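Descriptive analysis of the structure
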Amino acid sequence: EIEAKYTKKMQVLRDELDLRRKTEIYEVEERKNSHISELMRNHEKAFNDIKNYYNDITVKNLALISLLKEQIEEMKKKENHLEKEKADVLLQNKQLKEPLQQAQEKVFELQKKLAHYDKDKEALTNTKARLKVTQKELKDLQWEHEVLEQRFSKVQAERDELYQKFTKAINEVQQKTGFKNLLLERKLKGLLSVLEKKEVELSEVFAASNLDPGALSLVSHKLEDVLNSKNTTIKDLQFQLAQVCKAHNDMLQTFEAKLTAFGIPLDNLGFKPLASPVLGQ
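Residues numbered from 1 in each chain as written. Predicted model: local features only at pLDDT ≥ 70, side-chain atom pairs only at ≥ 80, totals over all residues. Heavy atoms only, no water.

Turning our eyes to something else, we now look at the overall build of the protein. Secondary structure summary: the protein contains four helices and zero strands in total. Secondary structure of the protein in N-to-C order comes out as α-α-α-α. Contacts in the protein between residues at least 24 apart in sequence constitute 76% of all its contacts with a sequence separation of at least 6. Here the protein displays about 23100 Å² of accessible surface, and carbon together with sulfur accounts for 57% of that area. (Helix = DSSP H or I, 4+ residues; strand = E, 2+ residues; numbered from the N terminus. Contact = heavy atoms within 4.5 Å. Areas by Shrake-Rupley, 256 points an atom, 1.4 Å probe, with all protein chains shown as cover.)

For the rest of this paragraph, the subject is a nonpolar patch on the surface. On the surface, Leu64, Leu67, Leu68 and Ile72 cluster together into a nonpolar patch covering about 330 Å² of accessible area. Position of Leu67 relative to the elements: it lies in helix H1 (residues 2-115). (Patch = residues over 30% accessible without salt bridge, like charges linked within 9 Å, V, L, I, M, F, W, Y side chains within 5 Å. Salt bridge = Lys/Arg side-chain N within 4 Å of Asp/Glu carboxyl O.)

For the coordinates displayed, the defined rule picks out one aromatic pair. Of note, Lys9 hangs over the ring of Tyr6, and the distance from its end group to the ring centre comes to 5.2 Å. (Phe/Tyr/Trp six-rings, centres within 6.5 Å; stacked < 30°, edge-to-face > 60°. Lys NZ or Arg CZ within 6 Å of the ring centre and 35° of its normal.)

Turning our attention to the nonpolar core. Residues Leu148, Phe152, Val155, Ile234, Leu237 and Val244 constitute the largest nonpolar core, which totals six residues. Every element with two or more residues in this core is listed here: helix H2 (117-170) and helix H4 (213-261). Here Val155 is in contact with Lys230, Thr233, Ile234 and Leu237, once residues within four sequence places are set aside. (Core = buried A, V, L, I, M, F, W, Y, C linked by side-chain atoms within 4.5 Å. Buried < 20%, exposed > 50% of the residue type's maximum accessible area, 1.4 Å probe, protein only.)

It is worth spelling out the pattern of salt bridges at this point. Counted according to the given criterion, the structure contains five salt bridges. Where Glu38 meets Arg41, a salt bridge forms, and the shortest distance between an N and an O atom there is 2.4 Å. Of the two residues, Glu38 and Arg41 are both situated in helix H1; the distance of three residues between them amounts to about one turn of the helix. For Glu38, a relative accessible area of 35% translates into the label partly exposed. Through salt bridges with shared partners, a single network forms among Asp18, Arg21 and Lys22.

Tracing the backbone shows Thr127 in helix H2. Classification of Thr127 as buried rests on a relative accessible area of 13%. Polar contacts involving the side chain of Thr127 include one to the main-chain carbonyl oxygen of Ala123, which spans 2.6 Å. (Polar contact = N/O pair within 3.5 Å; in protein donor to acceptor, adjacent residues only side chain to side chain.)

Per-residue confidence for the protein gives a mean pLDDT of 77; residues scoring 70 or more make up 72%. Per-element confidence in the protein is highest for H1, whose mean pLDDT is 89, and lowest for helix H3 (residues 180-208), whose mean pLDDT is 61. This stretch, residues 173-178, has a pLDDT under 50; its non-local contacts, to residues over four places away or in other chains, come to nine contacts. (pLDDT = per-residue confidence, 0-100.)

Inspection of the secondary structure assignment puts Thr134 in helix H2. With relative accessibility at 16%, the residue Thr134 sits in the buried group. In terms of polar contacts, Thr134 uses its side chain to reach the backbone carbonyl oxygen of Arg130, at 2.6 Å.

Here the focus is H1. The end-to-end C-alpha distance of H1, which contains 114 residues, comes to just 138 Å, noticeably less than the 170 Å that a straight helix rising 1.5 Å per residue would cover. A maximum bend of about 45° is found in H1 at Lys97, where proline Pro99 lies one to four positions downstream. (Expected span 1.5 Å × (residues − 1). Bend = angle between axes of the 7 residues up to and from the residue.)

Relative to the helices and strands, Leu241 is located in helix H4. Among the residues examined, Leu241 registers a relative accessible area of 1% and is labelled buried. For the pair Leu241 and Glu144, spaced 97 residues apart in the sequence, the C-alpha separation amounts to 9.1 Å.

Here you go:
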């Protein structure tokens, strides 16, 4: 009885425990299914997000690949163009190699000249300063030359006037020539000869007219002294004029040599050699 009693109790307890186990199993399965559903929904959402993300990346990559392909094609074209340009440049470099070498040699020569540029520049500055001083001296000499020429012209005019009066007085000597300087000494000798003849004639005239021979001699000597004084003055002025002309021409030659040495055109000088109207030249 006790065994049956406890067997019954045990059966009842086993049924209760079995029911409780089934209930708990059902609850666990419900929680498991709910959790699985939640995980599946989360996984589905994550999968869709990842799928959309990678789809976007794929689309972008495809676009990027297409763009890169176009760029590659463009770069290939540029590369071909650059290859052609490279060939042209190599050909040009080959053609320009000799001119480049010549230009380098010229640059080397110019660098040598540049090394002496400062010295040449200083020398040119000093030469310009000396040139200004010399030009001033040249202007002074030219002014003195003009003054001497005016004095020379004045003395020549006085001499010519005296000759003209003398020829009118003796009515035989006629003097008019286009090159007085070349024939002056010859004419002076002729005039002296004529003067001697006229003195004889005048002596005869004065003797015939009962004039004092001393007065005649005095007049002749005075006239001869005046002529000699004028001729001496003319020769002195001609000598001074020749000296000024020579100094002027020597200075011009020095200027021309300096200008030629510094590479300055001679047209910038602005002066010409002077001709000296001295007798016999």
